[in-house]
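So the chains spell out like this:
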Amino acid sequence: MFMKNILYSFLLILAVWLPTSCDDASFLDETQTNDLDYDVVFADSVYTVAFLQEIYRQMAFDVYPSRFIVGLNSYGGLQGACDEAETKQASVITTDEQFATGTINAITADENTWKYVYQNIRRVNIFLSSVDKAPITAPRREIYKAEARFLRALYYFILVRHYGGVPLQGDVVYTGPDDDIKTTRDSFEACIKYIVDECDEAGSKLQVRPRGRDYGRIGRGACMALKARTLLYAASPLYNGGNYAPDGYPKELVGYTDYKLERWEQAMEAAAAVIGTNQYKLFVKHTDGDGKAEPGWAYYATFVAADYYRDGAQDALILDLQKVKNTDLHQLYSPPTCGGNMKAGYPYQGLVDAYPMKNGKAIGEEGSGYDPQNPYANRDPRLDNTIIHDGSKMKSASDDNHIIYTYLGEGETSDAVYDGTPTGYYFKKGCHRAAAANWWIMPPQTFPVFRYSEVLLNYAEAANEFSGPSKAIYDILGEIREVAGIDAGSDKLYGLKPNMTQAEMREVIQNERRIELAIEGHRFFDVRRWKIADKTDNKQMTGMEINKDSKGVKTYKVFNVRPHVFRDAMYLFPIPNKEAAKSPDLIQNPNY
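All of these numbers come straight from a predicted model, not from anything done at the bench. (Residues numbered from 1 in each chain as written. Predicted model: local features only at pLDDT ≥ 70, side-chain atom pairs only at ≥ 80, totals over all residues. Heavy atoms only, no water.)

Peer 1: Now, about the overall build of the protein: what can you tell me, with residues and values included?
Peer 2: When helices and strands are counted, the protein shows 19 helices and 13 strands. For the protein, whose C-alpha radius of gyration is 24 Å, the value lies close to the compact-globule estimate of 25 Å for 592 residues. Dimensions of the protein, computed from the C-alpha atoms along their principal axes, are close to 75 × 55 × 45 Å. A burial count over the protein gives 59% of its 592 residues as buried. Within the protein, contacts between residues at least 6 apart in sequence are counted, and of these 70% link residues at least 24 apart. Carbon and sulfur atoms make up 51% of the accessible area of the protein, which amounts to about 23100 Å² in all. (Helix = DSSP H or I, 4+ residues; strand = E, 2+ residues; numbered from the N terminus. Rg over C-alpha atoms; globule rule 2.2 N^0.38 Å. Buried < 20%, exposed > 50% of the residue type's maximum accessible area, 1.4 Å probe, protein only. Contact = heavy atoms within 4.5 Å. Areas by Shrake-Rupley, 256 points an atom, 1.4 Å probe, with all protein chains shown as cover.)

Here it is as structure tokens:
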């Protein structure tokens, strides 16, 4: 229920939109405004824009590393619900923990995705039905409408990749309890078509890439990127004739009932269209901000792009969730000696092992140069820019080059394995090097919604599935690895094996997504749409134990952290039980 009384302060009026509701209220029942006078809101241009800005606010909530909320406390995210990370122990059982243990069910699972998304869809519909009243110039009004339509399409995509087909509400604004509210699920195919059509329509009204004071607003490029991502999902094995639901279940709700190779072609063409705008490019720079040589520095800078926009760091971002200056990620990721609370969890050894060597070869590949007793030496620089391991350097309150030690034995610290971390690792991706959780500097922070490297990987995957390996695919993987700081090699293949088969290339692309997009919310959904979660998320997860003897010699041993359990129901989220119970025609997902 929304707050009573209209608050005429800009900051306070934003609080009016914050989602709060009675425990027994369905998202579809949230139709009363409780004296919130939309005539007043849409009679003022500032309030109108604030209303739209509030719809922006949650556009990446589902992939944020602290998305799961119990009461007033936030915990981990999807990284703990798959093979990326061990969850931090808490006094409550969170949704990521339920996925890890295979105990997820419709009663206890997170319901905020369903609730928040439909709240925002309703806000879009209110905005579209009311914005013509606002004292805003006609051209700007059309831009705002297009932004709102994109946001609605994005929120529907969030629903679809969680639940499959969902009730499409169109432009309807429900105004009272007697309204005939639609609760039946539309087919997966209908939802995909709706999202794609909305992306096309919204994009036609927008410039490709807003710049200057409009940077951070939605452009046509973002619409095209969402379309490409949506079509990639639609073409993937889980949905493209996967038919994983049991016989007797209406399978059209959770995917296409037939397989079509052309769906991969459509995904490939959609990604190629983004590339063809020539408005985005990978940011390549192998010297740090002080001019000191550092292979792969640009990968770090991409995630703190506001500080390096003059270097071109923002060219690699299509749409990002801009946050006020803070140390949120430092709090979520950093080890105890840097003041972190580690709510985002702790990386598993499997993720660490997925990073190749600096020569581009996998650690188990002949000629890689990997040394299991010096496991972090000469690795893909993305490893050091994503994960804190023994010997990593971090900013702390007392030391700009604070060294993290995770070993047991002489000199053991609170960061050590079994003490500070149950896996031997911490995250660091997106953390600004000039800041720490226990330091007063608040740097600009951003969280990517669409990155250009994702679009390139989308193209590579779709093209490989459609017609097999090609020079274009090799070139894309090489470009991404060049940014990372991997050596090109004499053959300019960046460690990639020449003349790969389609199956070999598929494995390479899947691993490249795993490490390039780590802890950005992709891995959980990728292993599901590839229909391999029964392997990746149904096994023993491990960490690294390091012991240091009195002579200073370290030994490294992989140890078991916990087994993850996967069952077929977990390919999708369960629809919240309270919603399904209130609407008999709202069919629950299969196997729940």
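Peer 1: Please provide a residue-by-residue account of the side chain of Asp 96, values included.
Peer 2: Residue placement: Asp 96 occurs in helix H4 (residues 95-101). If we ignore the near neighbours within four places in the chain, the residues touching Asp 96 are Phe 68, Gly 76, Gly 77, Gly 80, Ala 81 and Thr 87.

Peer 1: Which residues make up the state of the cysteines, and what are the values?
Peer 2: Throughout the structure, instances matching the rule amount to 0 disulfides. Take Cys 82: it sits in no disulfide, and the sulfur closest to it among the cysteines is that of Cys 431, at 19 Å. (Disulfide = S-S within 2.5 Å.)

Peer 1: Explain the nonpolar core to me, using residue names and the numbers behind them.
Peer 2: Grouped together as the largest cluster of nonpolar side chains are 157 residues, with contacts concentrated most on Phe 127 and Phe 150. It is helix H6 (residues 138-163) that provides the largest number of residues to this core, a total of 14 residues. If near-sequence neighbours (up to four positions away) are discounted, Phe 127 is found in contact with Phe 42, Thr 48, Phe 51, Leu 52, Ile 55, Tyr 144, Lys 145 and Ala 148. The next biggest cluster of nonpolar side chains, apart from the first, holds 7 residues, and it includes Met 342, Tyr 346, Met 394 and Ile 404. (Core = buried A, V, L, I, M, F, W, Y, C linked by side-chain atoms within 4.5 Å.)

Peer 1: Lay out the confidence of the model for the protein in plain terms, naming residues and giving numbers.
Peer 2: Mean pLDDT over the protein: 91, with 94% of residues reaching 70 or higher. Contacts from residues 1-35, a stretch scored under 50 in pLDDT, to residues over four places away or in other chains number 77 contacts. (pLDDT = per-residue confidence, 0-100.)

Peer 1: Give a detailed account of H6, specifying residues and quantitative values.
Peer 2: Look at H6: 37 Å from first C-alpha to last across 26 residues, which is about the 38 Å you get at 1.5 Å a residue. Where burial is concerned, most of H6 is hidden: 20 out of the 26 residues are buried. (Expected span 1.5 Å × (residues − 1).)

Peer 1: Account for the packing of H6 against helix H7 (residues 188-203), with residues named and values stated.
Peer 2: Put simply, H6 and H7 touch, their axes get as near as 9 Å, and they point 155° apart. For the element pair H6 / H7, the angle class is roughly antiparallel. When you trace H6 past H7, the crossing you get is left-handed. Side by side, H6 and H7 meet where Ala 146, Arg 149, Phe 150, Arg 152, Ala 153, Tyr 156, Phe 157 and Val 160 of the first sit next to Phe 188, Cys 191, Ile 192, Tyr 194, Ile 195, Glu 198, Cys 199, Glu 201 and Ala 202 of the second. Each residue belonging to the contact of H6 with H7 can be placed in one class, and the counts come to 13 nonpolar, no polar and 4 charged. (Axes fitted to C-alpha atoms, helices over the stretch in contact; angles between N-to-C directions. Parallel < 35°, antiparallel > 145°, perpendicular 65-115°, else oblique. Left-handed = near helix turned anticlockwise from the far one by under 90°. Nonpolar A, V, L, I, M, F, W, Y, C, P; charged D, E, K, R; others polar.)

Peer 1: Give me the lowdown on the packing of helix H15 (residues 471-484) against helix H16 (residues 502-516), citing residues and values where you can.
Peer 2: Between H15 and H16, whose axes approach to 12 Å, the crossing angle comes to 25°. Relative to H16, H15 is oriented roughly parallel. Note that H15 runs across H16; the crossing there is left-handed. On H16, the residues touching Ile 473, Tyr 474, Leu 477, Ile 480 and Arg 481 of H15 are Met 505, Val 508, Ile 509, Glu 512 and Glu 516. Per-class residue counts for the contact of H15 with H16 are 7 nonpolar, no polar and 3 charged.

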